[in-house]
Amino acid sequence: SSGQATVRGEKYGVRTQLTTKLLFWENIFTQLLYGIDALIDKTSQPLVDGRYWMPELTSYNSAPFLQTKTTFFNHYVLKAGLRYDYIDVAVPDYQVLRLKNTDPRVYVKGGELSYNNLSPNVGIAYNQIKYFQPFVSYSQGFSIYDLGRTLRAAKDGVQIGQDILSRINTEPVTTDNYEVGAYS
């Protein structure tokens with residue numbers, strides 16, 4: 001029999017953020033924004049009939065960050081920053097959902113997946129004219145692969161208790177973002 005999938009999630013997080021202003025010369029100063037993000041995320045996809053489309057995954061995320069904003073002669077603004085993400089995902093032992101009762105049972109031994117990533121950003125803007133402030137910027141984004149989809153697709157060749165986590169490709173995805181524009 002089939003069931004309707006739902007998404008169940010709980011997230012608990014906190015951010016500590018501090019600012020410091022540094023004056024280098026009369027016309028050059030920097031504002032530092034720094035701190036750490038912490039998040040615990042529990043997500044699963046149970047079916048309304050009690051089976052699981054995706055087992056409950058628990059991720060523990062922490063990310064220290066530093067963002068700078070330096071102003072030169074009141075009109076040029078240079079922004080630059082770094083963020084370092086640490087993510088650990090706990091995967092329980094689980095059974096892959098069978099689409100038909102005749103499909104073989106596939107059991108997967110859980111474990112822990114760990115990710116680390118450094119994401120930079122930099123940009124410059126010119127703000128002398130109130131209605132036209134051009135800028136260029138670069139930033140890098142980071143996310144982990146859709147683990148639920150990967151875990152749901154465990155193959156029939158998996159034996160009871162076999163460690164599939166070490167055999168699947170769960171490399172993080174990074175994206176490079178470039179912007180050119182103007183505020184008005």
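Rules used in this analysis
- Residues numbered from 1 in each chain as written.
- Predicted model: local features only at pLDDT ≥ 70, side-chain atom pairs only at ≥ 80, totals over all residues.
- Heavy atoms only, no water.
- Pairing = 2+ DSSP bridges.
- Helix = DSSP H or I, 4+ residues; strand = E, 2+ residues; numbered from the N terminus.
- Core = buried A, V, L, I, M, F, W, Y, C linked by side-chain atoms within 4.5 Å.
- Buried < 20%, exposed > 50% of the residue type's maximum accessible area, 1.4 Å probe, protein only.

A. The pairing of strand S2 (residues 28-46), seen in detail. Two strands pair when backbone bridges link them, and strand S1 (residues 8-25) and S2 are joined in this way by 17 bridges, in the antiparallel orientation. Bridged to lysine 21 within S2 is glutamine 31. As consecutive antiparallel partners, S1 and S2 are separated by two residues. As paired strands, S2 and strand S3 (residues 52-72) are joined by 18 bridges and run antiparallel to one another. Opposite aspartate 41, over in S3, you have serine 59 as the bridge partner. The hairpin turn running from S2 into S3, its antiparallel successor, is five residues long, and glycine 50 in that turn takes a positive phi close to 100°.

B. Geometry of the nonpolar core. In this structure, Leu57, Val89, Val91, Tyr94, Leu113, Tyr115 and Leu147 are the most contacted members of the largest nonpolar core, which totals 14 residues. Put simply, the parts of the chain that give this core at least two residues each are S3, strand S4 (76-91), strand S7 (111-126) and helix H1 (147-152). Ranked by residue count, the leading element in this core is S4, at three residues.

Function cannot be inferred from these measures alone, as they are strictly geometric.
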